[in-house]
Amino acid sequence: MANSFCSLTSLLLYPSTFWLEVSLTDLQHYRSILLKVEDFSLFTLMKFTCLSEGKGYHFPPCHILNLCGFQLLFDCPLDLSALSVFSPLPINLSSVPDQCTSVCTCETSLDSECGRKKKQKVEKLLDASSLIHAEPWYKTVKSLRLWNISFIDVVFISSPMGMLGLPFLTRNKDFSAKVYATEATARLGKLMMEELVEMHKEILQFYGPQESSCPEWMRWNEIELLPSALKEILSGRDGEDLGGWMPLYSAADVSECMRKVQSLKYAEEACYNGTLSIKAFSSGLDIGTCNWSIISPKQNITYLSSSTFASATATKFDYNALHGSDVIIFSDFSASNVIDKKDDYNGFSPGVSKLSGEDDDRESITEFLLNTDELAEESDKLAFLCSCTLDSVKAGGSVLIPIARLGTVLQLLEHITFSLQSSNLKVPIFIISSVAEELLALLNVIPEWLCKQRQDKLYSGQPLFDFMDLLNEKRLFLFPAIHSPKLLSIWQEPCIVFCPHWSLRIGPAVHLLQRWCADENSLLVMEEGLDANITFLPFKLMAIKVLQCSFLSGMKLQKAESLMKLLKPKYVLFPEKLKQIESCLRSFSCIYYSENETFGIPKLKDCSEVDIAIDLACQLSHTKLGKENVSVARMKGELFVEQGKNRLLNGNEHSGSSQTRPFLCLGGVNLQNLLTTLQKKGITTRVEDVTTTDGSDKTYLVHVLEPKHALIEVSAARTKVSTGDESLSSNISEAICTILNVI
Amino acid sequence: MAIECLILGAGQEVGKSCVVVTINGKRIMFDCGMHMGYLDHRRYPDFSLIPRDASEDFTSSLTCIIVTHFHLDHIGALPYFTEVCGYKGPIYMTYPTKALAPLMLEDYRKVMVDRRGEEEQFSSEHIAECMQKVTAVDLKQTVQVDKELQIRAYYAGHVLGAAMFYAKVGDAAVVYTGDYNMTPDRHLGAAQIDRLQLDLVITESTYATTFRDSKYVREREFLKAVHNCVAGGGKVLIPSFALGRAQELCMLLDDYWERMNLKIPIYFSAGLTIQANIYYKTLINWTSQKVKDSYATRNPFDFKNVCKFERAFINAPGPCVLFATPGMISGGFSLEVFRQWAPHEGNLVTLPGYCVAGTVGHRLMSAKTPTQVNIDQNTQIDVRCQIHQLSFSPHTDAKGIMDLIKFLSPKHVILVHGEKPKMESLKGKIESDFGIQCYFPANNETVSIPSTHYVKADASSTFLRSTLSPNFKFLRASSGGNFSSDDMDMIAKPVLQVCDDRIAEGILTTGRYQNPKIIHLKELVLMSGEESHKLQFALCFPARITKMDENGKLIPLAQEFVPSLLHQLFSKLSNEFSEATIQESDQNIQIESFVVSICSKEKCPHRVSAGPHDISEAVYFCCMWSAADEKLGWKVISIMKKLELSNG
Ligand SMILES: [Zn+2]
Ligand SMILES: [Zn+2]
Ligand SMILES: [Zn+2]
């Protein structure tokens, strides 16, 4: 008993020491205690570490936040663009055209950059043979592997892309965290992972099972031989990225992972351990993507992932729900990608400078946020893509669209089918993916996750998307794989194909690009962000037109600034990277962060708030405390922590505890006062002075003579009553209590 | 603070559900239904009773309207209230309810106007405009109606999109269940709700006294009855609402037809119900888990054996099954077909579990065939066909209601949507079983109940940390049992929050210029600027030691026996005080602040005389305790004085 009490004290004071003392078997049990202790700890600040800034839409950022003693992980993505260091499977399609067109003459976009790089890299020859010819591994966030997985308490998944690396965590036996994702993200993420596993299967069949845990290409002497561009993707600037590579998870890992995900609706309240109240709100970026609001007794946090004010398919960005946050973790890096291309960035719109003057003008801010420029820009892009597509098929070429943004693909599909019909073209559209059928079925049953225009289709009794009609009319075809027998019988060119994978290293897109790359009438539509120089290496005769397109992936900095003004957080954690370009955000308390740098966030409140039940509050007896005109009351209740709030309720008396609670006396006993009071009660006394040896503390001995014998010792800090008679004793103590402030 | 509930409908009856609840200044109308049994003003709730100032309109007197599901007894008066009475404020319902309600309303309007020739209460345009004002919500989505009012929908089973609604203003919260079903059926799941802190639950009580067994038995009975009829060449008429029951029964039949390889046609009357299937297909996520899981392979609302009915088929020969609206044969197509088919013995008519008084369905429920039924003043019909009453109802039975109330444990319960005598008996059961106050007001009555309110205070970290220690005691005590963190997880799953109980003791300070703040005792001393003062009691008295030698002479106390005396005392006191409070050491025994030791002083200031047997070798117990344990101290002393200790 005494022993355990000791360890308890040490636990309160030195939580970290305590860690080391407990045996492994008890770990789980004590862990929960430990976390509760830190919950109220004054010593720990909120700590934040950016593990990865990511690379745009497909590779979202990844962070760790320590809040109330809980370790929270935001997103667990994969950098699939790094697949470009691997060579795709060598495929011999018999129908590869013979005519040779010169390489790289028809690329329509971005080739100035491509050319520049070529000039710089003359010293090392980069060609198809420099790529790694082996089963591809997958690049995870390398810093995440440095964290002890068993210490992670909660994982927040903000988008399907943020989920792709999750099976690597969940299959680890030490992983015990709770994973939250919106229902749509969970379902779409699952399909994306299954698709990835399926595409990888084809490669596995080619290379056969791997016996070594460290493949040959990972050895340093091999890496040293690589051209520097590849070396950098593989191992990073200083070689530390190499630890992030993993062989792909299995289908079983994926379903195991899905079992650990708790899916939420938008604005559904989830409670972690009673302490954190968690809600996901739409970020507008794509179907199911979200921002997180985390309410704890100490602080309210918002995790703001890439968000757009212009969503044409998904539920719109619900920024109003983010009001009242103390801290906003701004994790939308999309602006940095835009600014890298100098010509796209032309300072401020005049509206912004006007805004910074009058910061309470909510309406004008809202108006600015909701202006539809971006939406118009996006639909212009789609219209352009669509017209290019039509030009190609009219010229007899086929169109390959390995784009993976669901919202964009759906819009494009609709645009293209409409244009084909209106220009009376009978060109088939194929969607080739192992999950295509399930995906389209899913999209037609999730009205709650779509924008208003789609929801209106529900109300008017129409299907949400027109796939079924297109399929029935044989204008659209779905195939699980490129070698489906049915595909071969229906196949006709020119055609338009939507298929994975945008990295152009795995999936049906590789086969089709190999087939069409030499055809100058064909068109490849791809997203920005891939290094064309490396991506096209395996495709020898690149005569195909390439349209590289950047889509809206987040909010512009001007809008970010206005949004912060609207939401009025106390602190904004802001990427250092964006600070260099933007100076206007200084009007907020900004803390700038960069990759792999841990820092504390200042404590905002000294006190936590407690709700006291009214019936408990009514029972209190208040005492006025002297000069300060403060009234005090002793209270006792049961403290509940629920939904991030402390609540003090009328507790059930525990039978084991003592009947009366200790009370506190303040002030001193004035001797004369005491004697008068005693006299009023009919108690007669005789006083004797005693001075202790050191002379500092004077004690009076009050001998009670009547009605019975008693002795009262009065000193500055203590009064002691001794008598053998209980009623006399209580009479005397009553008298003393009237002189002191008793609480 | 109080919550006021004005019952505008479904008070001691079924029909025109409408409850206006006022919580801390916010006023919510739950449901806005109509009564199918009346054609006069009684069909609508009496909206004039909604409390408002003379100058106020409904829009400013109500904060919002919440509609639980698309049944007419819950939504039938909504277009009238918004378009005719002029309510323009927010209206909330789930996505399926918003999608399906216009169909129900339009169907009803048609029956009333086109077939009965009544004056229309609202037009098609009214319905469309009314639905424009509706905000659709998803399950569990927390909707902030305004700064103070928060609402949330929970799955209710009953029909597609049916929801219970939680509403919270400040610290006060209520749940209005609407109609619900606590057992899953073929197409819908069971009602599901979080454990919430509630002042009030307003629940339906259609089957307040009925206890039902498994639904599958009765489904089989239904299928058998239908199969027997068509096997004998008969026609089956299934009158039903356009939505809900029709889809459920149709799934049942479609599946049965597949399994039994039956080729007899199943018809849906008019285009309405077939069109409704598109809604069901899109809204499949709102059905039961089993139905939901199959969406990718084949949407179960793509019925294989169902086709459209033409009027000419009514008298065509051969067996068939026909779904026709309205459900209670109160008019429309189902009545038209009923006239034709009822007189033939081989035919079958199914009746829904509940029919409103005044409908043909209601008259048939109590009838034994063959019989005569009056359709209107001039028409009487010979009913010779079989009548099968569908006994599987989408409403919860009494056990379900009791389970829900037990689970939610609100402070008060109001019963609506039921029959008075049954409600009365359920009220008795709720009050006796759970000790929860229960009411079942009649229409237009108001019930007022007190509401929860919290006082907001700041709390110092020292105080919050101090609350942890009792919690540790608790954990330590149960660690021997099977209370592991795994168990905690299991408990946590169905529950919204994990509460860990901690006895908290602190000092609430309130000053004129500061927020109330809870601090720890230690902090109060610092804060007050005054010294703390100890008030103690002390008493030194002789032990009763009775050991004598053979000659009856007291044996002088040897010093080495002193510790043994203390230990004797300890073992005796241990019988009186719990293990947790009493502690023993070499020098003393401690019970809370009470400390007793053997007095070593020659002349102790706290000593009282030992009485006549006083001898110099006497052993004295010196006791000291603080004022907090004043009573405890005297209790221990009186026990000690009675104890006899042995010397040796
Ligand atoms: Zn109903
Ligand atoms: Zn009802
Ligand atoms: Zn003594």
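Just above, that's the structure.
Predicted model, so just to flag it, every value in this text is computed and none were measured.

## Brief notes about the overall build of chain A
The helix and strand tally for chain A stands at 25 helices and 32 strands. In chain A, which comprises 743 residues, the proportion classed as buried is 56%. By sequence separation, contacts in chain A at least 24 residues apart represent 70% of the contacts at least 6 residues apart. Only carbon and sulfur atoms are counted for the fraction: they give 53% of the accessible area of chain A, which is about 31,600 Å².

## Some words on the pattern of salt bridges
Proximity of charged atoms lets side chains of opposite charge pair with each other. Counted by the stated rule, this structure contains 44 salt bridges over all chains. The salt bridge partner of aspartate 255 of chain B is arginine 259 of chain B, with a shortest N-O separation of 3.4 Å. Taken together, the residues aspartate 255 of chain B and arginine 259 of chain B, both in helix α7 (residues 245-260) and 4 residues apart, mark about one turn of the helix. Its relative accessible area of 34% is what places aspartate 255 of chain B among the partly exposed residues. Arginine 259 of chain B gets classed as exposed once you look at its relative accessible area, which sits at 53%. Through salt bridges with shared partners, one network takes in Lys139, Lys142, Glu240 and Asp241 of chain A.

## Quick look at empty space enclosed by the protein
Within the structure shown, the criterion is met by 12 cavities of 30 Å³ or more. In this structure, the largest cavity spans a volume of roughly 590 Å³. Considering each element in turn, the lining of the largest cavity owes the most residues, 6 residues, to helix α6 (residues 183-207) of chain A. Residues belonging to the lining of the largest cavity are distributed by class as follows: 30 nonpolar, 3 polar and 2 charged. Considering only enclosed or pocket space, the second largest cavity measures out at about 460 Å³ in volume. Forming the boundary of the second largest cavity are 30 residues, of which His71, Phe241, Met328, Tyr354 and His395 of chain B lie nearest the centre. For the lining of the second largest cavity, the secondary-structure elements that each account for two or more residues are α2 (72-75) and α7 of chain B. Considering only residue class, the lining of the second largest cavity consists of 13 nonpolar, 13 polar and 4 charged. Both domains that furnish three or more residues to the lining of the second largest cavity are identified here as domain 1 (2-211 + 394-447) and domain 2 (215-389) of chain B.

## Quick word on the coordination of the zinc ion (ligand 3)
Ideal donor angles around a metal are set by the shape: a four-donor tetrahedron calls for 109.5 degrees, a six-donor octahedron for 90 or 180 degrees. All names here are of chain B. Around the zinc ion (ligand 3), the donor atoms from the protein are Cys540 (SG), Cys599 (SG), Cys604 (SG) and Cys622 (SG), and they sit 2.2 to 2.4 Å away. Around the zinc ion (ligand 3) sit 4 donor atoms; with metal-centred angles ranging over 101 to 114°, the donor geometry is tetrahedral. Taken in chain order, the donor set of the zinc ion (ligand 3) reads C-x58-C-x4-C-x17-C. Within this pair, whereas cysteine 540 is found in strand β26 (residues 532-542), its partner cysteine 604 is found in the loop between β29 (594-598) and β30 (620-626), the two being separated by 64 residues in sequence. A residue is classified by how much of its surface remains accessible, and cysteine 540, at 0% relative accessible area, is buried. Residue classification places cysteine 604 among the buried positions, given a relative accessible area of 9%.

## Description of the packing of helix α24 (residues 671-680) of chain A against helix α25 (residues 726-739) of chain A
Residues and elements named next belong to chain A. At their nearest, the axes of α24 and α25 sit 9 Å apart, and the two run at 135° to each other. For the element pair α24 / α25, the angle class is oblique. Our pair here, α24 against α25, has a crossing hand that is right-handed. Contacts between α24 and α25 involve Asn673, Leu674, Thr677 and Leu678 from the first element and Ile732, Ala735, Ile736, Thr738 and Ile739 from the second.

## What about the pairing of strand β12 (residues 300-304) of chain A?
All names here are of chain A. Of all 5 residues making up β12, 4 are buried, and the element is well covered by its neighbours. Between the antiparallel neighbours strand β11 (residues 290-295) and β12 lie 4 residues. Where β12 and strand β13 (residues 327-330) come together, 4 bridges link them in parallel fashion. Its bridge partner lying in β13, threonine 302 is registered against isoleucine 328.

## A look at the sheet that holds β11 of chain A
Residues and elements named next belong to chain A. Strand order across the open sheet formed by 7 strands is β9-β10-β11-β12-β13-β20-β21, with mixed pairing between neighbours. Only two strands of the sheet have a single partner each, and these edge strands are β9 (270-272) and β21 (590-593). Direction aside, neighbouring strands of the sheet carry axes that sit 20° apart on average. Packing of helix α21 (residues 557-567) onto the sheet brings it into contact with β12, β13 and β20 (571-575), and relative to β13 it is tilted by some 165°.

## Here's the deal with the sheet that holds strand β5 (residues 154-157) of chain A
All names here are of chain A. In space, the 7 strands of this open sheet follow the order β8-β6-β5-β3-β2-β1-β22, with mixed pairing throughout. The open sheet has two free edges, formed respectively by β8 (261-264) and β22 (598-601), since each of these has just one partner strand. Sheet twist, expressed as the average angle between the axes of neighbouring strands with direction ignored, equals 25°. As paired strands, strand β2 (residues 62-67) and strand β3 (residues 70-74) are joined by 5 bridges and run antiparallel to one another. In the strand pairing of β3, leucine 67 is matched with phenylalanine 70. Contacting β5, β6 (178-182) and β8, α6 runs over the sheet at an angle of about 95° to β6.

Criteria and thresholds
Residues numbered from 1 in each chain as written. Chains lettered and ligands numbered in written order. Predicted model: local features only at pLDDT ≥ 70, side-chain atom pairs only at ≥ 80, totals over all residues. Heavy atoms only, no water. Helix = DSSP H or I, 4+ residues; strand = E, 2+ residues; numbered from the N terminus. Buried < 20%, exposed > 50% of the residue type's maximum accessible area, 1.4 Å probe, protein only. Contact = heavy atoms within 4.5 Å. Areas by Shrake-Rupley, 256 points an atom, 1.4 Å probe, with all protein chains shown as cover. Salt bridge = Lys/Arg side-chain N within 4 Å of Asp/Glu carboxyl O. 1 Å grid on protein atoms, 1.4 Å probe; cavity = no way out; pocket = protein on both sides within 12 Å on 5 of 7 lines; lining within 4 Å. Points joined across faces, edges and corners; volume = space filled by probe spheres on them. Nonpolar A, V, L, I, M, F, W, Y, C, P; charged D, E, K, R; others polar. Domains from an automatic or database assignment. Donors = N, O, S within 2.8 Å, 3.2 Å for Na, K, Ca; no water. Tetrahedral: all angles 85-135°; square planar, octahedral: opposite > 155°, others 65-115°. Axes fitted to C-alpha atoms, helices over the stretch in contact; angles between N-to-C directions. Parallel < 35°, antiparallel > 145°, perpendicular 65-115°, else oblique. Left-handed = near helix turned anticlockwise from the far one by under 90°. Pairing = 2+ DSSP bridges.

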